[in-house]
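For reference, the chains in residue letters:
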Amino acid sequence: MVKWRFYWAFYKSTLSTNLLPPFILAFTIPSVFWDAIPPDIKQDTTPSMLFWNLLSIGLMTFGPLISFTYKEWARSGEYYFYYNQGITKVKLILFGVIVNVLLGVLILIIKSYVYT
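Residues numbered from 1 in each chain as written. Predicted model: local features only at pLDDT ≥ 70, side-chain atom pairs only at ≥ 80, totals over all residues. Heavy atoms only, no water.

(A) Spatial organisation of the pattern of salt bridges. Within the structure shown, the criterion is met by 2 salt bridges. Measuring nitrogen to oxygen at the nearest pair gives 2.6 Å for the salt bridge that ties E78 to K71. Note on K71: relative accessible area 2%, which makes it buried. One salt bridge connects E72 with K89, and the closest N-O pair in it is separated by 3.2 Å. Highlighted residues: E72 in helix α4 (residues 62–74) and K89 in helix α6 (residues 89–114), separated in sequence by 17 residues. A relative accessible area of 36% places E72 in the partly exposed class. (Salt bridge = Lys/Arg side-chain N within 4 Å of Asp/Glu carboxyl O. Buried < 20%, exposed > 50% of the residue type's maximum accessible area, 1.4 Å probe, protein only. Helix = DSSP H or I, 4+ residues; strand = E, 2+ residues; numbered from the N terminus.)

This is the structure in structure tokens:
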């Protein structure tokens with residue numbers, strides 16, 4: 001039997017460190033580096049489109065990397081709780097990555113419908 005509530009509890013425990021870096025990245029890059037973007041790319045995009053693109057890409061890549069690194073470094077003792085439930089560290093990380101990729105793709109799909 002799959003113990004989804006344990007997977008969800010692990011994901012929720014990584015959520016704050018998972019969402020913060022992509023939001024900082026998505027807020028900082030369009031506002032600071034907007035003048036450095038080449039004009040041919042600027043004419044096809046707006047700062048808000050760039051924000052949503054950076055947020056989704058950061059959520060799929062940068063967020064999980066920071067989140068799981070922090071979890072391994074600061075809270076590595078929590079893995080024993082999940083291991084006692086029959087859930088390995090690899091399964092937990094894989095679940096977190098899959099959820100993040102699905103959220104990132106969902107943001108990209110919603111953005112494509114809003115901005116067309």
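(B) Structural detail: the packing of α4 against α6. Packing of α4 against α6 brings their axes to within 11 Å, and their N-to-C directions diverge by 155°. On the basis of their axis angle, the class for α4 and α6 is roughly antiparallel. Judged by the sense of rotation from one axis to the other, the crossing of α4 with α6 is right-handed. Seen from α4, the contacting residues are P64, F68 and E72; seen from α6, they are K89, I93, G96, V97 and N100. When grouped by side-chain class, the residues that make up the contact of α4 with α6 number 4 nonpolar, 2 polar and 2 charged. (Axes fitted to C-alpha atoms, helices over the stretch in contact; angles between N-to-C directions. Parallel < 35°, antiparallel > 145°, perpendicular 65-115°, else oblique. Left-handed = near helix turned anticlockwise from the far one by under 90°. Contact = heavy atoms within 4.5 Å. Nonpolar A, V, L, I, M, F, W, Y, C, P; charged D, E, K, R; others polar.)

(C) Spatial organisation of the packing of aromatic side chains. Within this structure, the stated rule accounts for 13 aromatic pairs. Look at W4 and Y7: their rings are 5.7 Å apart centre to centre, the planes differ by 45°, and that puts the pair in the tilted class. Separated by 3 residues within a single helix, W4 and Y7 lie in helix α1 (residues 4–33), roughly one turn from each other. A residue is classified by how much of its surface remains accessible, and Y7, at 11% relative accessible area, is buried. Put simply, the rings of F6, F10, F68, Y79, F81 and Y82 pair up and form one aromatic cluster. Above the plane of the ring of Y79 lies K89, whose end atom (NZ or CZ) is 4.9 Å from the centre. (Phe/Tyr/Trp six-rings, centres within 6.5 Å; stacked < 30°, edge-to-face > 60°. Lys NZ or Arg CZ within 6 Å of the ring centre and 35° of its normal.)

(D) Just the nonpolar core, in detail. Formed by F6, Y7, F10, Y11, F68, Y79, Y82, I87, L92, F95 and V99, the largest nonpolar core amounts to 11 residues. Elements with a minimum of two residues in this core: α1, α5 (79–84) and α6. Counting 7 residues, the second largest nonpolar core, distinct from the first, contains W34, I37, L50 and F51. (Core = buried A, V, L, I, M, F, W, Y, C linked by side-chain atoms within 4.5 Å.)

(E) Seen up close, the side chain of T14. Following the sequence through the fold, T14 ends up in helix α1. Overall, T14 belongs to the buried group, its relative accessible area being 1%. With residues up to four places along the chain from it excluded, the contact list for T14 reads S67, F68 and K71.

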